[in-house]
Amino acid sequence: MKFLLAASPLVGHVNPVVTVARILKQAGHEASIYTGRLFQEKIESAGLRFCPLPEDVDHDMRDVDALFPERSQHEPGLPRMAFDSKRVFVDAMASQFRGLEAILQDFPADVVLYEIAFCGVLPLLLSKRSSRPATACIGISTLLLPRADGAPYGPGLPPPTNSAERAQYRAIAQEVDALMINPVREYTDKILHRLGVESLPAPLLETTFVSADLVLQPCVAGFEYPLRDPLKKLHFIGALVPEGEGDVPPAVRKAKEAGRKIILVSQGTISNGDFGQLLAPVIQALGSRDDLLILATTGGRPIDSIPCSLGPNTVGSKFLNFNAVLPHVDVLVALGGYGTVTHALSFGIPMVLAGLTEDKPEIASRVVWTGSGIYLRTDNPTAEQLTDAIHQILSNPSYRNRATELSLEFAAHNPTQELLQLLEGLVVNRQARSN
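A look at the overall build of the protein
A count of helices and strands for the protein gives 16 helices and 13 strands. Whereas a compact globule of 435 residues would reach a radius of gyration of roughly 22 Å, the protein reaches 22 Å, a difference of no more than 12%. Expressed as lengths along the three principal axes of its C-alpha atoms, the size of the protein is roughly 65 × 55 × 40 Å. The proportion of buried residues among the 435 residues of the protein is 53%. Counting contacts in the protein only where the partners sit at least 6 residues apart, residues at least 24 apart contribute 65% of the total. Surface accessibility of the protein: about 18200 Å² in total, with carbon and sulfur atoms responsible for 50%. Averaging the coordinates of the 39 positive side-chain charges in the protein and doing the same for the 47 negative ones gives two points 3 Å apart.

So, helix α12 (residues 338-346)
Looking only at α12, the buried set comprises Y338, V341, T342, H343, A344 and L345. Contacts made by the buried residues of α12 are with β6 (214-217), α11 (322-325), β11 (331-334), β12 (351-353), α13 (360-369) and α15 (397-411).

A word on the packing of helix α10 (residues 279-286) against helix α14 (residues 383-395)
Contact pair α10 / α14: the axes reach a minimum separation of 9 Å and the direction vectors enclose 70 degrees. What the angle tells us is that α10 and α14 run roughly perpendicular. Residues P281, V282, A285 and L286 of α10 pack against A383, L386, T387 and I390 of α14. For the contact of α10 with α14, the class distribution of residues is seven nonpolar, one polar and no charged.

Here's the deal with the pattern of salt bridges
Applying the stated criterion across every chain, the model contains 19 salt bridges. For D65, the salt bridge is made with R71, and the minimal N-O distance between the two is 2.7 Å. D330 is the partner of K256 in a salt bridge, and the nearest nitrogen-oxygen pair spans 3.4 Å. One end of the pair, K256, is in helix α9 (residues 250-257); the other, D330, is in the loop between α11 and β11, with 74 residues separating them in the sequence.

Re the pairing of strand β1 (residues 2-6)
For β1, a buried count of four out of five residues is recorded, marking the element as mostly surrounded by other parts of the structure. Crossover handedness for the path β1 to helix α1 (residues 11-26) to strand β2 (residues 30-35): right-handed. In the sheet, β1 pairs with strand β4 (residues 111-115) via four bridges, with the strands oriented parallel. The partner of A6 across the bridge, within β4, is Y114.

Brief notes about the pairing of β6
Judged by which residues are buried, β6 turns out to be covered on both faces: L214 and L216 on one side and V215 and Q217 on the other are all buried. One ladder, built from three bridges, connects strand β5 (residues 134-138) with β6; its direction is parallel. Bridge pairing in β6 links I138 to L216. Looking at chain direction, β6 and strand β7 (residues 234-236) are connected through three bridges and run parallel.

Thoughts on the packing of α12 against α15
One way to put it is that α12 packs onto α15 with a least axis distance of 7 Å and a crossing angle of 95 degrees. It follows that α12 is roughly perpendicular to α15 by the angle criterion. The residues of α15 that touch α12, namely those facing T342, L345 and S346, are A403, L406, S407 and F410. Of the residues contributing to the contact of α12 with α15, the split by class is four nonpolar, three polar and no charged.

Things to note about the sheet that holds strand β13 (residues 373-375)
Read from one edge of the open sheet, six strands run β10-β9-β8-β11-β12-β13, paired in parallel fashion. Only two strands of the sheet have a single neighbouring strand rather than two, namely β10 (314-317) and β13. For this sheet, the mean inter-axis angle between neighbouring strands, taken without regard to orientation, is 15 degrees. As paired strands, strand β8 (residues 261-266) and β11 are joined by four bridges and run parallel to one another. By the bridge assignment, S266 is partnered in β11 with A334. The sheet contacts of α10 involve β8, β9 (292-297), β10 and β11, and relative to β9 the element is tilted by about 160 degrees. Packed on one face of the sheet, α12 meets β11 and β12 and runs near 165 degrees to β12.

Overview of the nonpolar core
Judged by nonpolar contacts, the single largest core of 90 residues is most densely connected at Y34, L122 and F223. Top element by residues in this core is helix α7 (residues 163-194). It accounts for seven residues. Residues within four places of F223 in sequence aside, it is in contact with T142, Y338, V341, L345, I363, R366, V367, W369, T370 and L406.

What counts as what
Residues numbered from 1 in each chain as written. Predicted model: local features only at pLDDT ≥ 70, side-chain atom pairs only at ≥ 80, totals over all residues. Heavy atoms only, no water. Helix = DSSP H or I, 4+ residues; strand = E, 2+ residues; numbered from the N terminus. Rg over C-alpha atoms; globule rule 2.2 N^0.38 Å. Buried < 20%, exposed > 50% of the residue type's maximum accessible area, 1.4 Å probe, protein only. Contact = heavy atoms within 4.5 Å. Areas by Shrake-Rupley, 256 points an atom, 1.4 Å probe, with all protein chains shown as cover. Lys, Arg positive; Asp, Glu negative; His and termini not counted. Charge placed at Lys NZ, Arg CZ, Asp CG, Glu CD. Axes fitted to C-alpha atoms, helices over the stretch in contact; angles between N-to-C directions. Parallel < 35°, antiparallel > 145°, perpendicular 65-115°, else oblique. Nonpolar A, V, L, I, M, F, W, Y, C, P; charged D, E, K, R; others polar. Salt bridge = Lys/Arg side-chain N within 4 Å of Asp/Glu carboxyl O. Right-handed = clockwise from strand over helix to strand, strands pointing away. Pairing = 2+ DSSP bridges. Core = buried A, V, L, I, M, F, W, Y, C linked by side-chain atoms within 4.5 Å.

Have a look at this one:
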């Protein structure tokens, strides 16, 4: 079978797609990945076919603020989310779609599998053409489907506990519609109309999600709020764990043997321009304690980018092998990217999260709701806030217990097996209907 996988040129969007492509290739299928040239070496080194985005939308998004200088003029939260939706994702749609059509001429895929924010697939999904490849969407963050309690996506609202909160949520939902959902939808519709395609039937990313023939969510149901209308074609598949790469510091084994607690601090590979956000405050606050080991990973940046000296109990690393290290970690401190959080929860690791931008409030609110961690609602937590939150996690076993319960739910899934069954079944069913 032939699979064409498409992703916006961002690390957190590409990584899950590469993991899926590797699974497909190992099962004997042909898998090509359509994304930015920044990821060509990573893709080709995995033995996968690389298809580049058109040059006008092949951006290096490691520094989105530098690529879009006007982005900083929009406040974090809804205004910036609306800007990102329009400029980062929707503006690329027409060129992405033209490139997609060209690739399908040379590589007639049985399935086009895309991550939810890849807007170049929308004209394919919404067109009335009689024949097209089967489609599958893979989530890269928490579900954007309507919640049973009516809370809007974006602010990171927990389930309401009384009628007053429900009324407040309705007002917030109206604000979200006015500031983000409706402007983005109107903006997208104008581009779709120029391409001869009808308007979105739902908000932008809800449309890319529900319009696919198959929807895959690399998480577990227990991490999600109840939905208003459960989607039959939605399948939770557990954590998509990448292949283990990176360092495994010898200090990890020594620390465990000595009975020391291990704190892993990571700002990811995108939000790591200022290590004064998390890494430095944790190191400065706890870097001299002999009962702890701090693992500070920079996501590829030089270790000397950390704006403080490393304490005697601190190990700095550009990349850590999370698969090998996480089983020994007692607390994760992070900015709350979806891949990092689900990876940690699959190992039963409780966490302290910060961050107000993008989808971080939504991810962190679910961590709090499940009892598996603490959310510091700020981009720049103080050393005192971090120290107190880490102490709470270490001293209160309920956080570890809840994370462990979620890890058992993750363990009940076999992502490789489930992916293959669902995707292969999609092709077989499509072929059976066409005969």
